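Chain residues, written in single-letter form:
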Amino acid sequence: MVKSTVVAISAFKSDKAIIDLLSDIFNDFHGSILRVIVVDSLGSGEIESACSRNGWPVGYYNFDYNLGSAGNLRERIEIASELDASWCLCLNHDANWDRARLSAMLDAANSHLKVGAVYPVLDHHPRQPRWEDGRRTFAPTAGARFQNIPIEDTSEVLWSSSNGALYSTEPVKMNIRVMSDLWMGYEDLAYGVALKKNGWKQLVCRKAVLSNIFDYRSSSLPVNGVFIQDKPDWYSYYNMRNLIMIHNEYGSQGISFKTLVFKFFHSGLRILLLESNRFSKLSLHFRGTIDGFRGRVGKYDVP
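Presented here is a report on the structure given in the accompanying data block. Owing to the predicted nature of the structure, the values given are computational and were not obtained by experimental measurement.

**Notes on the overall build of the protein chain**
On a plain count of helices and strands, the protein chain comes out with nine helices and 12 strands. For 303 residues, the compact-globule estimate of 2.2 N^0.38 gives 19 Å, and the C-alpha radius of gyration of the protein chain, at 19 Å, lies within 12% of that figure. When its C-alpha atoms are laid out on the principal axes, the protein chain stretches across 50 × 45 × 40 Å. For the protein chain, with 303 residues in total, the buried portion stands at 53%. Partitioning the contacts of the protein chain with sequence separation of at least 6, the portion at a separation of at least 24 is 71%.

Now the structure itself:
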C-alpha cells in the first residue's frame, strides 16, 4: 500500500486524550500512513514524553501561543503538504481511531477526480434523527439528518466538520488555505467554500462513521428530545463574527447577507430561550456581530 497519508492530530490541554488516541493508532496501524503528527499550543511536554517512552515516531509541533482551531487546522494541512503526503487525515482529541474508516475514505477519494476533501458520516446520538452526512449549503439551523444512513456510497457536499476529515494536500500547493484569522469556529466551512470556489469536489463517505464527538445537553424546555450544544459562553462571540468574516471574504458564494441576518436572530433567540448565562452569551453575540462588520480578526479577549 502506498504511504500517502499524514494523520494530523490537534492538541490543546488534552494530553491524556491525545496519548490514548496515539496508542490506538499505533496498535492498529494503517498501511497508508506516511507520518503521524501532533500540532499543539502551549504544550506541557507530556505528549512528547509519551511518544519517546513508547517509541512512537510522531512529529510533535508545539507553538508558544494559542493557535485556535483555525490556526491548528491550517498548520496540520500545510505540514502534511510539506511532508509530501497526498492526504491529511485531521483528528481532534475527541475523535476515535478507526482503521477501516480511513480505508473507506481513501477508496472514496480515489474514485473521483479532483477531490479536495472526504468526510465521514456524523453520528449525533442521542439526538434524533442521528445521522448527518455533511452540508450541501450553509444553513443557520442544523444540517440534513436521517433516521438511517442513505444507501449511496458517496454524496457531494459543501462542507462538514474537520474532525475526521480527509483533506487533499494539492489545494495547498495552489495557495488555497484555511482562514486562520477566524481563530475558532467555522474554519471548516470557510475552507469548504474555498475548495468549491476553486473547483475541488468534496464528498461524504457513507461507509465511514465518526461517532459521539459533539457535546450536547438537554434543553431547559419541558419538551423531551430537545438538545442544544454545550459550549462555553465565549463561543457566542466567534459564531457570528466568523460567519461575517466568511461573508466578507467570499460574498454570497460563502454566506448570503440574508442568511447572516437570519442567523443573528435565530442564535439570539436560542440563547434567550434555551441557554444558561444568557446575559453573558447575548453580550458576546452582539460584540461578535459588531466586530465582524468592523473587520476585527484573530483571537478576541475571551477565552
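Next comes the rest of the description.
**Notes on the environment of Glu 75**
Mapped onto the fold, Glu 75 is located in helix α3 (residues 68-82). Residue Glu 75 is classed as partly exposed on the basis of its relative accessible area of 23%. Separated by 21 residues in sequence, Glu 75 and Asn 96 place their C-alpha atoms 21 Å apart. Not counting residues up to four positions away in its chain, the partners in contact with Glu 75 are Val 39, Phe 63 and Leu 67.

**Comments concerning the environment of Arg 145**
Along the chain, the position of Arg 145 falls in strand β7 (residues 145-146). The exposure class of Arg 145 is buried, given its relative accessible area of 17%. When the C-alpha atoms of Arg 145 and Gly 134 are compared, they prove to be 8.9 Å apart, with 11 residues separating the residues in sequence.

**Quick look at the packing of aromatic side chains**
Evaluation of the coordinates by the stated rule reveals 17 aromatic pairs. The interplanar angle of 85° and the centroid separation of 5.2 Å between the aromatic rings of Phe 264 and Phe 265 together place this pair among those described as edge-to-face. Overall, Phe 265 belongs to the exposed group, its relative accessible area being 54%. Between Phe 264 and Phe 286 the ring centres are 5.4 Å apart and the planes differ by 80°, which places this aromatic pair in the edge-to-face class.

Conventions adopted
- Along each chain, residue indices are assigned from 1 in the same order as the chain's sequence is written.
- Per-residue local features are limited, in this predicted model, to residues with pLDDT of at least 70; the limit for side-chain atom pairs, both in listing and counting, is 80 or more; totals at the level of whole chains, interfaces and linings are taken over all residues.
- For side-chain calculations, the full set of non-hydrogen atoms in the structure is used, while hydrogens and water are omitted.
- To qualify as a helix, a DSSP run of H or I must reach at least 4 residues; to qualify as a strand, a run of E must reach at least 2; elements of each kind are numbered from the N terminus.
- Each radius of gyration is computed over the set of C-alpha atoms, and the globule rule expresses the reference value as 2.2 Å times the number of residues to the power 0.38.
- A 1.4 Å probe rolled over the protein chains alone gives each residue an accessible area, and that area as a share of the maximum for its type sets the label: buried under 20%, exposed over 50%, partly exposed in between.
- In what follows, residue pairs with any heavy atoms lying within 4.5 Å of each other are defined as contacts.
- Working definition: a ring pair exists when centres of Phe, Tyr or Trp rings (six-membered ring for Trp) sit within 6.5 Å. Plane angles under 30 degrees give stacked, over 60 give edge-to-face, the rest tilted.

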